[in-house]
Amino acid sequence: MRQNVFVLGATGKVGRELLGQMAENDVPELKRHQNPTVVIGLADSRHYAINQGGFSQEFLRQFAATKQRVGEVIGAIDHSSEGIAELPRILRETGTWYGKELVYVDATSEQELARDLHLDIIRNTDSKIATANKNPVGRYDHETYKTLTANPTRYRYSATAMAGLGAVPWLSERHMIGDRVHRIDASLSGTLGFITDAMANGMKMSEAIQAARAAGYTEPDYRDDLNGIDVARKLTILAREAGFPVEFADIQLEPFLPREYFDISDPEECLEEISEKLDVSMQSEVDDAKHFGLTHRYLASLEHLDGKPVLKVGMQRVPLSSGFARLQGTDNRIQVVTDMYTDKKPYRLEGPGAGLDITASVLRRDLVNLQSQVARF
Ligand SMILES: NC(=O)c1ccc[n+]([C@@H]2O[C@H](COP(=O)([O-])OP(=O)(O)OC[C@H]3O[C@@H](n4cnc5c(N)ncnc54)[C@H](OP(=O)(O)O)[C@@H]3O)[C@@H](O)[C@H]2O)c1
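On a predicted model such as this, the values are computed, not experimentally measured, just so you know. (Residues numbered from 1 in each chain as written. Predicted model: local features only at pLDDT ≥ 70, side-chain atom pairs only at ≥ 80, totals over all residues.)

Draft legend 1. Inspection of the sheet that holds strand β12 (residues 331-338) at higher detail. Within the open sheet, the six strands sit side by side as β9-β11-β10-β8-β12-β13. Their pairing is mixed. Looking at strand neighbours, the two that pair on one side only are β9 (252-253) and β13 (347-352), the edges of this open sheet. Contacts from helix α8 (residues 190-200) reach β8 (181-187), β10 (294-305) and β12, with the element oriented near 135° to β10. Packed onto the sheet, helix α11 (residues 229-241) meets β8, β9, β10 and β11 (308-319) and runs at close to 130° relative to β11. (Pairing = 2+ DSSP bridges. Helix = DSSP H or I, 4+ residues; strand = E, 2+ residues; numbered from the N terminus. Contact = placed C-beta atoms within 7 Å. Axes fitted to C-alpha atoms, helices over the stretch in contact; angles between N-to-C directions.)

So, in structure tokens, the structure goes:
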């Protein structure tokens, strides 16, 4: 059975990486599995383009490698007035309707729009979704999450949190087999891991932030990584996977920088303020921690206390001997205590949390898992 894929966010970093990987790997001649995966649609923020027979491998390879816009593809249609929320209706009306053999890949960062589109697809069609966009499952109410994720044969989101470590499917499977989660500790941001590691190694806070920017680890405005919201969204998803009906707003969120630094409109001016006002005080905090055999890490935690999950995101002091202190660079780490993985032998996993190649490959793994029947050679 042919799997037809519509990639939303095709011109983004994840989108192009995904298309490039699909062009190289997901072709029947390679004899990995017998179900051909075919890209039948591409969309960016302005246009969508459909090829019912499937875009060729050569086209995808070239699209992935260049700065080509979807609007430049033959037959592209401007959707900027209606938005991609109308796609399911448009596809139905134009006869491009593959029902359960159609998978939408969401590689956008859209918020309400993506949530509404996902809900529409899951409620009103037979089609499926694989998403790297964590907003629909991590930013909105638990009811939305429940509706979207009720059927794992139609909705996959392994790429939304700790993609590289497979934390979403692991927690979900623990919950499904009744192994109750009591505690989660996790370092969920490669960027903040890099910055705290650099500070522990003697760099000033402003220099560590600059180094993360220079290495391409931050969003265009580095404060989008430092406000902790991305970490909180990931913790919301992980907690929900572990069976806790939590809301994003339940998280006690302490941003990496004091809140007033997010009100400074110019990121460069903010960096100067950090250099003037925070470098010295942060350095003495780092030295003080070191004196007690501790170091700083920006962590997410869930503790199941008196029948209620307590969720926190913020800076913590951890022993220098702990696995979190030993984390290097942008690596992520998760430690989970369950009925079976007790305090004395918790489940621990560390390694690259995401990155473009891993995120795209995890989306492709989700696509394999969404196939109605996977036939291997
Ligand atoms: N980067 C990573 O390593 C990573 C890892 C895990 C998860 N993610 C998640 O993956 C998603 C994509 O990340 P990215 O880094 O690839 O972002 P990006 O480079 O900013 O790409 C965003 C893509 O979404 C498109 N887009 C924006 N609004 C749209 C709309 N209304 N309809 C259709 N397409 C729209 C953009 O089109 P234009 O080109 O027209 O703007 C672009 O193709 C995000 O949700 C991110 O959190 C990223």
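Draft legend 2. Local environment of the domain arrangement of the protein. When cut into domains, the protein gives domain 1 (3-160 + 357-369) and domain 2 (175-353). Using C-alpha coordinates to define each centre, domain 1 is positioned 30 Å away from domain 2. Taken together, the contact pairs nine residues of domain 1 with 10 residues of domain 2. When residues of the side of domain 1 that touches domain 2 are traced back to their parent elements, those giving at least two are α5 (135-138) and α6 (142-149). (Domains from an automatic or database assignment.)

Draft legend 3. Up close: the sheet that holds strand β7 (residues 155-156). Within the open sheet, the seven strands sit side by side as β4-β3-β2-β1-β5-β6-β7. Their pairing is mixed. Both outer strands of the open sheet, β4 (77-78) and β7, are each paired with one neighbouring strand and no more. Alignment of strand β5 (residues 102-106) against strand β6 (residues 128-131), held across four bridges, turns out to be parallel. Within β6, the position partnered with V103 by the bridge is K128.

Draft legend 4. Just the pairing of β12, in detail. Summarising burial for β12: six of the eight residues are buried, a large majority. In this structure, β8 lies alongside β12, joined through six bridges in antiparallel fashion. Looking at the pairing, R183 lines up with V337 of β12. Both β12 and β13 contribute to a ladder of six bridges, which runs antiparallel. By the bridge assignment for β13, I334 is matched with L349. (Buried ≥ 20, exposed ≤ 12 C-beta atoms within 10 Å, placed from the backbone.)

Draft legend 5. Structural detail: the packing of helix α9 (residues 205-214) against helix α12 (residues 267-291). Contact pair α9 / α12: the axes reach a minimum separation of 7 Å and the direction vectors enclose 125°. Taken together, α9 and α12 sit at an angle that is classed as oblique. Here M205, S206 and I209 of α9 come into contact with α12, specifically with L271, I274, S275, L278, D279 and M282. Per-class residue counts for the contact of α9 with α12 are six nonpolar, two polar and one charged. (Parallel < 35°, antiparallel > 145°, perpendicular 65-115°, else oblique. Nonpolar A, V, L, I, M, F, W, Y, C, P; charged D, E, K, R; others polar.)

Draft legend 6. View of the site of the ligand. Around the ligand there are 28 residues in total, and G9, G12, V14, D44 and S45 lie nearest to it. Elements that contribute at least two residues to the shell around the ligand include exactly α1 (13-25) and α14 (356-369). Sorting elements by how many residues they give to the shell around the ligand places α1 first, with three residues. (Near = placed C-beta within 6 Å.)

Draft legend 7. Just α8, in detail. Judged by how many residues are buried, α8 sits mostly within the fold: nine of 11 residues are covered. Where α8 is concerned, the buried positions are G190, T191, L192, G193, F194, I195, T196, D197 and M199. Lining the buried residues of α8 we find β8, α9, α10 (223-226), α12, β10 and β12. Phi for G202, located one or two positions after α8, is positive at around 105°.

Draft legend 8. Spatial organisation of α1. Between its first and last C-alpha, α1 extends 18 Å over 13 residues, near the 18 Å set by a 1.5 Å rise per residue. In this structure, the buried side of α1 is in contact with β1 (3-8), β2 (37-43), α2 (57-65), β5 and α14. (Expected span 1.5 Å × (residues − 1).)

Draft legend 9. Geometry of the pairing of β1. With six of six residues buried, β1 is to be regarded as a mostly interior element. Going residue by residue along β1, you find Q3, V5 and V7 tucked away on one face and N4, F6 and L8 tucked away on the opposite face as well. In this structure, β1 lies alongside β2, joined through six bridges in parallel fashion. Each residue of the ladder has a partner; that of V7, found in β2, is L42. In the sheet, β1 pairs with β5 via five bridges, with the strands oriented parallel. By the bridge assignment, L8 is partnered in β5 with D106.

Draft legend 10. Molecular detail of the nonpolar core. V7, L19, V39, V105, L235 and L238 are the most contacted members of the largest nonpolar core, which has 98 residues in total. No other element matches α11, which puts six residues into this core. Counting residues domain by domain, this core receives three or more from each of domain 1 (3-160 + 357-369) and domain 2 (175-353). Apart from the residues within four sequence positions on either side, L235 is in contact with L188, I251, A300, L302, L311 and V313. (Core = buried A, V, L, I, M, F, W, Y, C linked by C-beta atoms within 7 Å.)

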